[in-house]
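One-letter residues, chain by chain:
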Amino acid sequence: MNRILFLLLICFSCNAGVRGENQVIPLTLKDAIIRARTNSVDAEMALNQLKIAYWAYRTYKADLLPELSFSATLPSYVKQYSPYMNEDGSYSFVSNNYMQMKGELSLTQNIWLTGGKLSVNSSLDFYRQLGNGSYNQFMSIPFALTLTQPIFGVNNIKWDRKIEPLRYEEAKSAFLSATETVALNTIEYFFSFILAKENLYIAKQNLESAEKLYEVALEKRKMGKISKNDLLQMELNLLEARTDLTDCSSGYNNAMFQLTTFLDFEENTLLDTEIPEEIPLVEISYEDALERAETNNSFSKNMMRLHLEAEYGVAKAKGAQREINLFAQVGFTGTDHYFSGSYDYLNSNQVVQVGFEIPLVDWGKRKGQIKVAESHRKLVESQIRQETMNFRQNLFILVERYGNQLRQVQIASRANEIAQRRYETNEQTFLIGKISTLDLNDSRVKKDEARRNYVNELYLFWYYYYQIRSLTLWDYQNNLSIDSDFDFLLR
């Protein structure tokens, strides 16, 4: 016996120590949303998607600026035999044994207006013949101006300047909507925990009530005031209450774990939450929500970008019907056996080249490509119209549901109060033998349903409200646009 008592004492001490390590944190819905926007995995994923879009935009901006580059070969050594054609047309093999070094500095700028490329180059080649009769040779190009220009082709830079800024603005709006989606997920986890907490509280209350009523029923049975069937029903209610308490305890622990994990709390954290009964009393009209959604939401920017990309595809297909490219270079060059001499006597260096490719017989391939691009454009336009209709329809339904939900919350709140009072009255009435166990069970079930329904109606209100925020990117409580410090986030 002493050994058993000693083991029980150790187990109790260990459990007390574990409980002592648990940290109880009071948490409101507002605090949960704020923490989720900074600590949750969903928020981190949204931020990383924004960073990807930001660096893609930075890359596009860099393509519009001059690029300074240096290339070099230090050194290149060759020792081999190469064929050489003699004066009589015969071939012989001669030995090549030389070393070569080369360096080039170039400044390149894309031409926004025409889609061409302009570059300024300066280079120096060093060549040393090895073996018998070795010598050095230098060739310099102090300055060379080169123009590369496609003619009649599509101006990719012009289209990028239309599409890429819009793509980045779309990404920023999508990030703001994603942060509101994080709030929606938080509301789901938060109210799941609230409901689990309420279920546990109801189960404890029902168990206490069932134990008390069963004891009263036993005494009444001894006095012959109730039937055996009523006593068995009260015992059955007690057993069901104990089973329900076990299930609700498990559901409470699961909901707690899901919420703490989503909010990135430590595993031993216990959360103390309250039902967010103070709701924002703001009216939202469909016209106002639609105007703000079309201005702020990434949907409208996405539709514009898809339309531009479809137009770009048609332009590329038409530009590919014929390819004409202009290459022009002007500059100076000099050669000498000595480095300084290669810069003393300079000669003009000019190259002008126009190349073109025009298909004579391609069996309708390029025409087909144009038709495919035009058909794709029409498909995109149809999809844009359909998506726009769906977007407006969903927004209209959402605003209507939000407008009705405030009344639903008020009705559910009143029903919860009435059901609670009715059960308390019926419980007292049962104790004095005025109603049956069936009436008491019915009032208990209605009480529990009313409480759960009230929590669910509150959940729907908050969910609809934040869903409208995610679409309009507008804070209706403070009458402000939802924005973020992107410079700080992207550091």
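None of the values given here were measured: they were computed from a predicted structure.

About the criteria used
- Residues numbered from 1 in each chain as written.
- Predicted model: local features only at pLDDT ≥ 70, side-chain atom pairs only at ≥ 80, totals over all residues.
- Heavy atoms only, no water.
- Helix = DSSP H or I, 4+ residues; strand = E, 2+ residues; numbered from the N terminus.
- Rg over C-alpha atoms; globule rule 2.2 N^0.38 Å.
- Buried < 20%, exposed > 50% of the residue type's maximum accessible area, 1.4 Å probe, protein only.
- Contact = heavy atoms within 4.5 Å.
- Areas by Shrake-Rupley, 256 points an atom, 1.4 Å probe, with all protein chains shown as cover.
- Lys, Arg positive; Asp, Glu negative; His and termini not counted.
- Charge placed at Lys NZ, Arg CZ, Asp CG, Glu CD.
- Expected span 1.5 Å × (residues − 1).
- Axes fitted to C-alpha atoms, helices over the stretch in contact; angles between N-to-C directions.
- Parallel < 35°, antiparallel > 145°, perpendicular 65-115°, else oblique.
- Left-handed = near helix turned anticlockwise from the far one by under 90°.
- Nonpolar A, V, L, I, M, F, W, Y, C, P; charged D, E, K, R; others polar.
- pLDDT = per-residue confidence, 0-100.
- Polar contact = N/O pair within 3.5 Å; in protein donor to acceptor, adjacent residues only side chain to side chain.

## Comments concerning the overall build of the protein
Regarding its fold elements, the protein presents ten helices and ten strands. Taken over the C-alpha trace, the protein has a radius of gyration of 40 Å; the compact-globule value for 491 residues is 23 Å, which it surpasses by more than 25%. For the protein, the C-alpha atoms occupy an extent of roughly 140 × 70 × 45 Å along the three principal directions. Considering the protein as a whole, with its 491 residues, one finds that 36% of them fall into the buried category. Taking contacts inside the protein between residues at least 6 apart in sequence as the whole, the part at least 24 apart equals 76%. Working note: accessible area of the protein is about 30,300 Å², and carbon and sulfur atoms make up 54% of it. Of the side-chain charges in the protein, 53 are positive and 61 negative, and the distance between the mean point of each set is 3 Å.

## Notes on the side chain of E198
Relative to the helices and strands, E198 resides in helix 4 (residues 156-222). Every residue in contact with E198, bar those within four places of it in the chain, is listed here: I275, R451 and V455.

## Quick look at helix 5 (residues 228-262)
The end-to-end C-alpha distance of helix 5, which contains 35 residues, comes to 51 Å, matching closely the 51 Å that a straight helix rising 1.5 Å per residue would cover. Taken from the residues just after helix 5, D264 is the one with a positive phi, measuring 65°.

## Brief notes about the packing of helix 6 (residues 286-296) against helix 8 (residues 365-431)
As a packed pair, helix 6 and helix 8 sit with axes 10 Å apart at the nearest point and diverge in direction by 135°. Judged by the angle between their axes, helix 6 and helix 8 are oblique. Crossing geometry of helix 6 relative to helix 8 is assigned as right-handed. Contacts from Y286, A289, L290, A293 and E294 of helix 6 reach helix 8 at F391, R392, L395, F396 and V399. Each residue belonging to the contact of helix 6 with helix 8 can be placed in one class, and the counts come to eight nonpolar, no polar and two charged.

## What to know about the confidence of the model for the protein
Mean pLDDT over the protein works out to 87, with 94% of the residues at or above the 70 mark. Model confidence for the protein, summarised as mean pLDDT per element, is weakest for helix 1 (residues 2-21) at 39 and strongest for helix 6 at 94. Confidence drops under a pLDDT of 50 for residues 1-20, and excluding neighbours within four residues, the segment shows zero contacts in the predicted structure.

## A few points about the packing of helix 4 against helix 8
Interhelical geometry of helix 4 versus helix 8 gives an angle of 20° and a closest axis separation of 11 Å. By the criterion of interaxial angle, the relationship of helix 4 to helix 8 is roughly parallel. Seen from above, helix 4 lies across helix 8 with left-handed handedness. In this structure, helix 4 contributes S209, K212, L213, V216 and K220 to the contact, and helix 8 contributes Y423, E427, F430 and L431. Classifying every residue of the contact of helix 4 with helix 8 by side-chain character gives five nonpolar, one polar and three charged.

## Here's the deal with the side chain of Q149
In this fold, Q149 is placed in strand 5 (residues 135-151). Under the relative-accessibility criterion, Q149 is labelled buried at 12%. A polar contact is formed between the side chain of Q149 and the side chain of T114, at a distance of 2.7 Å. A polar contact is formed between the side chain of Q149 and the backbone nitrogen of G116, at a distance of 3.3 Å. Apart from residues no more than four positions distant in its own chain, Q149 is found in contact with T114, G115, G116, I324, N325 and L326.

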